[in-house]
Amino acid sequence: MQNKREKDLKNLESEQISIQFNEKLESFERELEQCKNSLENLEQNTLKLNSNLNKLAKYCKTLFWLLLGLIGCGIVFLTITPPVVIGLWIIFATFIIIIAIFYYLIKLTFKKFD
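Position numbers for residues start from 1 in each chain and track the written sequence from start to end. With the structure being a predicted model, the display of local features is reserved for residues of pLDDT at least 70 and the display and counting of side-chain atom pairs for 80 or more, all residues being used for whole-chain, interface and lining totals. Computation of side-chain values covers all heavy atoms of the structure but excludes hydrogens and water.

1. Looking at a negative patch on the surface
For clarity, the cut-off: For patch detection, residues must exceed 30% relative accessible area and be free of salt bridges, and they are connected within 9 Å for like charges or within 5 Å for nonpolar side chains (Val, Leu, Ile, Met, Phe, Trp, Tyr). Working definition of accessibility: Shrake-Rupley area with a 1.4 Å probe, residue cover restricted to the visible protein chains. In what follows, salt bridge is the name for a side-chain nitrogen of Lys or Arg lying within 4 Å of a carboxyl oxygen of Asp or Glu. Only four residue types enter the charge count: Lys and Arg as positive, Asp and Glu as negative, with His and the chain ends excluded. To locate a charge, the coordinates of NZ of Lys, CZ of Arg, CG of Asp or CD of Glu are taken. Labels follow the DSSP assignment, with helices taken as runs of H or I lasting at least four residues and strands as runs of E lasting at least two, numbered in each case from the N terminus.
A contiguous patch of negative charge, built from Glu-23, Glu-26, Glu-29, Glu-33, Glu-40 and Glu-43, is present on the exposed surface. Following the sequence through the fold, Glu-23 ends up in helix H1 (residues 2-80).

Below is the structure:
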């Protein structure tokens with residue numbers, strides 16, 4: 001009788017342990033699925049980020065060459081024209097540059113990134 005009780009207790013304990021193990025296993029499987037989903041999302045976001053960085057690098061190269069051309073034209077302009085005309089153009093160019101900077105800053109501020 002005592003033996004039977006001990007066996008029943010051991011069986012009950014083993015069943016409880018098995019139930020707990022199965023619950024933990026299921027929770028780990030759910031967590032694994034969540035981790036896999038978040039990893040896929042991170043990979044997609046990484047691809048988008050790389051694409052945006054490539055575009056940015058292309059724009060930076062273009063901006064560099066435009067700036068280099070502008071500096072070259074400025075040097076030629078300063079060597080050919082008289083001082084009064086240069087002063088007027090400097091004032092005019094300052095206004096245009098300020099307007100362009102504000103335009104692109106406002107455009108960048110309201111741009112939605114995916």
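Having seen the model, we can carry on.
2. Structural notes on the packing of aromatic side chains
For the record, the criterion: Here a pair means two rings of Phe, Tyr or Trp (six-membered ring of Trp) with centres within 6.5 Å. Their orientation is stacked below 30 degrees between planes, edge-to-face above 60, and tilted elsewhere.
The final tally for this structure, using the stated rule, is three aromatic pairs. A centroid spacing of 5.2 Å and a plane angle of 70° characterise the contact between Phe-64 and Trp-65, whose relative ring orientation is edge-to-face. Taking the centre distance of 5.6 Å and the plane angle of 80° together, the rings of Trp-89 and Phe-92 count as edge-to-face. Taken together, the residues Trp-89 and Phe-92, both in helix H2 (residues 83-109) and three residues apart, mark about one turn of the helix.

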